[in-house]
Amino acid sequence: MGRGRRIEQWQQLGPPFSFKTTAGKGTGVAALAGMFIGEYTFKVDSKGRVSIPALFRRELEEGDPEAAVTKRPRLVIVYGADTQKMLQVHSFAGFQKLAAAINARPYSDPNRTLLQRFVLNKAHPTEIDPDGRLVLPAQLRERFQLTGDAYFAGMGETFEIWNPETFAAVDQARLEKLMATMGADFDPLSLLNGE
């Protein structure tokens, strides 16, 4: 239960490269400076505990200045609007930055109220336990159908936790729409050029 099943064939071999720790203490896998990448699937136990991928834990440790002392990195889960289909997870520092950006908007800005309602109001601060697990509250497990497996999707500054079947259905629909618009030979990296 403590080890996740990796999804893609290239991931079965592990990362194609390793990262030196920032402190220079060995050659272990270290944080990628605010980058949650990759995809993983882990079991959710009957108490709602789910292991966090090791690379994600390193990022969460880097994103919490107190983690070195407490050994329990803090994070914030945003469950958002009723139409949201997954949990969006922020490092502690990342969420502080996001909250500051929301609160810096003028009081007269209607988007400030929407952001407060769907981000700040719909957020659950928590921490990772000493075994590297996250405890998902029962109401979130029920709402997002996280009772068997949980699919972790690295999204750069954040990561998402999905019901695997929901993710597969949403991802397939997005892919079909993209292929219909961009063509079957579409190269995702072309988006970097503004194409």
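Residues numbered from 1 in each chain as written. Predicted model: local features only at pLDDT ≥ 70, side-chain atom pairs only at ≥ 80, totals over all residues. Heavy atoms only, no water.

1. Topic: the overall build of the protein chain
When helices and strands are tallied, the protein chain shows six helices and nine strands. Counting only contacts in the protein chain whose residues sit at least 6 apart along the sequence, the fraction spanning at least 24 positions is 62%. (Helix = DSSP H or I, 4+ residues; strand = E, 2+ residues; numbered from the N terminus. Contact = heavy atoms within 4.5 Å.)

2. Some words on the confidence of the model for the protein chain
Of all residues in the protein chain, 82% have pLDDT values of 70 or greater, and the mean over the chain is 85. Low pLDDT, under 50, characterises residues 1–29; the stretch is placed with 40 contacts to residues that sit more than four places away or in other chains. (pLDDT = per-residue confidence, 0-100.)

3. Describing the environment of methionine 86
With respect to the helices, strands and loops of the structure, methionine 86 is situated in the loop between β4 (74–78) and β5 (87–91). A residue is classified by how much of its surface remains accessible, and methionine 86, at 13% relative accessible area, is buried. The spacing of methionine 86 and threonine 166 is 80 residues in sequence and 8.6 Å in space, taken between C-alpha atoms. For methionine 86, the contacting residues outside a window of four places in its chain are Val78, Phe144, Glu160, Ile161 and Trp162. (Buried < 20%, exposed > 50% of the residue type's maximum accessible area, 1.4 Å probe, protein only.)

4. Description of a nonpolar patch on the surface
There is a patch of nonpolar side chains on the surface, built from Leu175, Leu178, Met182 and Leu191 and spanning about 320 Å² of accessible area. Topologically, methionine 182 is positioned in helix α6 (residues 164–182). According to the relative accessible area criterion, methionine 182 is partly exposed, its value standing at 34%. (Patch = residues over 30% accessible without salt bridge, like charges linked within 9 Å, V, L, I, M, F, W, Y side chains within 5 Å. Areas by Shrake-Rupley, 256 points an atom, 1.4 Å probe, with all protein chains shown as cover. Salt bridge = Lys/Arg side-chain N within 4 Å of Asp/Glu carboxyl O.)

5. Structural notes on the pattern of salt bridges
In this structure the tally under the stated criterion is nine salt bridges. Among the salt bridges present, the one from glutamate 61 reaches arginine 58, with a minimum N-O distance of 3.1 Å. With a gap of three residues between them, glutamate 61 and arginine 58 both fall in helix α1 (residues 54–62), about one helical turn apart. In this structure, the salt-bridge partner of glutamate 127 is arginine 72, at a minimum N-O distance of 2.7 Å. Residue glutamate 127 is located in strand β6 (residues 123–127), and its partner arginine 72 is located in the loop between α2 (67–70) and β4; the two are separated by 55 residues in the primary sequence. For glutamate 127, a relative accessible area of 34% translates into the label partly exposed. Here the salt bridges do not stand alone but share partners, grouping Asp64, Glu66 and Arg74 into one network.

6. Some words on the packing of helix α3 (residues 92–103) against helix α4 (residues 110–120)
In the contact formed by α3 and α4, the axes pass within 9 Å of each other and the chain directions differ by 155°. When the interaxial angle is binned, α3 and α4 end up roughly antiparallel. α3 and α4 meet at a crossing whose hand is left-handed. Only Arg112, Leu115, Gln116, Val119 and Leu120 of α4 make contact with α3, whose side of the interface consists of Phe95, Leu98, Ala99, Ile102 and Asn103. A breakdown of the residues in the contact of α3 with α4 according to their chemical character gives seven nonpolar, two polar and one charged. (Axes fitted to C-alpha atoms, helices over the stretch in contact; angles between N-to-C directions. Parallel < 35°, antiparallel > 145°, perpendicular 65-115°, else oblique. Left-handed = near helix turned anticlockwise from the far one by under 90°. Nonpolar A, V, L, I, M, F, W, Y, C, P; charged D, E, K, R; others polar.)

7. Examining the packing of aromatic side chains
Counted by the stated rule, this structure contains nine aromatic pairs. Between the aromatic rings of phenylalanine 42 and phenylalanine 152, the centroid separation amounts to 5.8 Å while the plane-to-plane angle is 90°, which identifies the pairing as edge-to-face. Of the two residues, phenylalanine 42 is situated in strand β2 (residues 39–43) and phenylalanine 152 in strand β8 (residues 149–154); the sequence distance between them amounts to 110 residues. This pair shows no difference in class: phenylalanine 42 is buried, exactly as phenylalanine 152 is. Here the aromatic rings of tryptophan 162 and phenylalanine 167 are separated by 5.3 Å at their centres, their planes lie at 75°, and the arrangement is edge-to-face. Exposure class is identical for tryptophan 162 and phenylalanine 167. Each is buried. Aromatic ring contacts, followed pair by pair, group Phe36, Tyr40, Phe42, Phe56, Phe152 and Phe159 into a single cluster. Above the ring of phenylalanine 92, the side-chain terminus of arginine 74 is found at 3.6 Å from the ring centroid. Between the NZ or CZ atom of arginine 112 and the centre of the ring of tyrosine 107, over which it lies, the distance is 4.0 Å. (Phe/Tyr/Trp six-rings, centres within 6.5 Å; stacked < 30°, edge-to-face > 60°. Lys NZ or Arg CZ within 6 Å of the ring centre and 35° of its normal.)

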